[in-house]
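# Coordinates in review
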Amino acid sequence: MTSTALDVLRRVFGYDSFRGEQEAIISQVVDGGDALVLMPTGGGKSLCYQIPSLVREGVGVVISPLIALMQDQVDALRALGVRAGFLNSTQDYQQRREVESAFLDGELDLLYLAPERLRLESTTELLGRGKVALFAIDEAHCVSQWGHDFRPDYLALSELHERWPDIPRIALTATATKATHAEIATRLNLGDAKHFVASFDRPNIQYRIVPKNSPQKQLLELLRSEHAGDAGIVYCLSRASVEKTAEFLVQNGIPAVPYHAGLDSRTRAANQARFLREDGLVVVATIAFGMGIDKPDVRFVAHLDLPKSVEGYYQETGRAGRDGQPSTAWLAYGLQDVVQQRKMIETSEGDSAHRRRLSTHLDAMLALCETVECRRVQLLNYFGQSGEPCGNCDTCLAPPESWDGTIPAQKLLSTVYRLQNERRQKFGAGQIIDILLGKSTPKVQQHRHDELTVFGIGTELADGEWRGVVRQLLAQGLLAVEGDYGTLVLTDASSDVLGRKREVRLRREPKREPKPARTAKKTAVEMPAEAAPMFEKLRTWRGTTAKDQGVPAYVIFHDATLRQIATEQPKTLTDLGTISGVGENKLAKYGQQILDVLAE
Ligand code: ADP
Ligand code: ZN
């Protein structure tokens, strides 16, 4: 049995061996059992249902909410010689009829279905008349009502089992928390399923979180020095900053397009299609962008604003480096982020339990930002997994020092205390820092803050360092923000610091952003410098070919495959066929063209 699966892997997909638990998952499903698969983005979930669909008799039916991407998914499979089709609301009657009869005539290996299709009697009737090999439920976390991505149509999926008790089901998701895991199992009636939980580590992603000074300039510097010509996603919180940042990049010669819910749907679709099809385009987006984007060669994900939760951060950064090549997850984060997010929670709709939940999420995110330990270990711990310091995140590569900030914290908190209690006043961070530094600004004079006993007691730190102290006290819950102006107030925990019952550990801000050397990771295909010009030639060939066929470039070949070709320079079709990612179909279709490019 597994030899058949292995044969399909090699012949159709052109890969040598299974990754991680793929083989065990595939055996389970090929043998007719159910499976629940938790695997990070880029882990290789698709093969887990595609190969059983090819090995088992009948058609693999894949339920996926990603309607806009079905065409690309089907194109990618067809390029491999797999007979795939889809049914969703974007098609007209005639197109649907064609797919339906292909299904009934046994001319399909895989059929992608939008979840709302399953509610239609006509769909279940259709499935009943054909031969189904398995049901794959992709993005299975959409069944979770408390998760971030609930789709009501997913609840109906529990009925699949009642109707077709003998057909195996495989549910897959990249959402990792225990709660979602349990909810998927219950709601989809996967009581007898075997669970496969992969490590959520993404070793090829380098995590970096840096202090935010002038975010656009910092971003430009990152793109110019490390990601010239690369495709990537930049996330911003607001539509306005999305627009501004995209414009800024374009003005500086970096091809970029905006994406947010305020754009009309045609522009959005066009920008998304360009991102998928072109090499080296940057999308600047709100978090509305990215779900299900399976472009394998996204080389960086940059956040210019703080994500609201670790789950969100992990999902968004996870869109980088699906192909296993080195990629960067870069986040710029500053005091203003904390102030703004705390304020948003305070003024958010919903009951106090809801606000508490938001706060808990934010606290975990802040803890990740402020940690002096390995970022990756902290991320994995959050998902209940363990890890060793990774050597491929900013804190591993340039370990920050921590220092005893108890005295500065006391000075700062007592300034807030004095304003609050002696003057009945509240101020934001700027004024409080001016007082500590003893700056005689007009605003200080106006409020006679130079008469406070705390005036000028904090000259041992510079303005920027004080902002770091404020940010970290906010992150640790030792200080809070209030109201529209982001004024600072004490918390219950502040009194422990003021009463010397508690030490405050702070992280020392690195003088400049650490520029980590790119460590080649085990998954990466390394390419010697001499091979680079050939790689570029192959990329150009791929770009033209993709354009002619109206498919994304990665559907032709992945970067990793082109790199290996450029490095090994195969002379014959047989040699070319041994390269990872070159299966039978692509060899027959493109093999000679590739050899011609190499020979030029
Ligand atoms: P996921 O859906 O889990 O995000 P994909 O199924 O898109 O991941 O796979 C991620 C990438 O890894 C794809 O480019 C895929 O072709 C590649 N891949 C998957 N399995 C293997 C394997 N066994 N060997 C080599 N490459 C693989
Ligand atoms: Zn690390």
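A quick note: this is a predicted structure, and the numbers were derived from the prediction, not measured.

All right, on to the sheet that holds strand β8 (residues 205-211) then. Spatially, six strands are ordered β8-β13-β12-β9-β11-β10 in an open sheet, and the strand pairing comes out parallel. Two strands in the sheet have a free side with no partner beyond their single neighbour: β8 and β10 (256-259). Neighbour-to-neighbour, the strand axes of this sheet turn through a mean angle of 15°, independent of strand direction. Inspection of the sheet shows β10 paired to strand β11 (residues 282-285) by four bridges, in the parallel sense. Bridge assignment links Y259 to a residue of β11, and that residue is A285.

The local shell around ligand 1 holds 15 residues, among which Y15, G42, S46, R322 and H558 are the closest. Backbone polar atom of G44 to an oxygen atom of ligand 1: 3.1 Å apart, as the coordinates give it. One of the side-chain nitrogen or oxygen atoms of K45 is found 2.8 Å away from an oxygen atom of ligand 1. Contact with the protein chains removes 86% of the 570 Å² of surface that ligand 1 exposes when unbound. With three residues, helix α3 (residues 45-55) is the single largest residue contributor to the shell around ligand 1.

The next point concerns the sheet that holds strand β7 (residues 194-197). Read from one edge of the open sheet, seven strands run β3-β4-β2-β5-β6-β1-β7, paired in parallel fashion. Each edge of the open sheet is held by one strand with a lone partner, namely β3 (84-87) and β7. Taking each pair of neighbouring strands and ignoring which way they run, the sheet shows an average axis angle of 20°. Of the pairings in the sheet, the one linking strand β1 (residues 35-38) to β7 comprises four bridges and is parallel in character. What sits directly across from L38, in β7, is V197. Sitting on the sheet, α3 is in contact with β2 (59-63), β4 (110-113), β5 (132-137) and β6 (169-173), with an inclination near 160° to β6.

Conventions adopted
Residues numbered from 1 in each chain as written. Chains lettered and ligands numbered in written order. Predicted model: local features only at pLDDT ≥ 70, side-chain atom pairs only at ≥ 80, totals over all residues. Heavy atoms only, no water. Pairing = 2+ DSSP bridges. Helix = DSSP H or I, 4+ residues; strand = E, 2+ residues; numbered from the N terminus. Axes fitted to C-alpha atoms, helices over the stretch in contact; angles between N-to-C directions. Near = heavy atom within 4 Å. Polar contact = N/O pair within 3.5 Å; in protein donor to acceptor, adjacent residues only side chain to side chain. Areas by Shrake-Rupley, 256 points an atom, 1.4 Å probe, with all protein chains shown as cover. Contact = heavy atoms within 4.5 Å.

So yeah, pure geometry; function would need other evidence.
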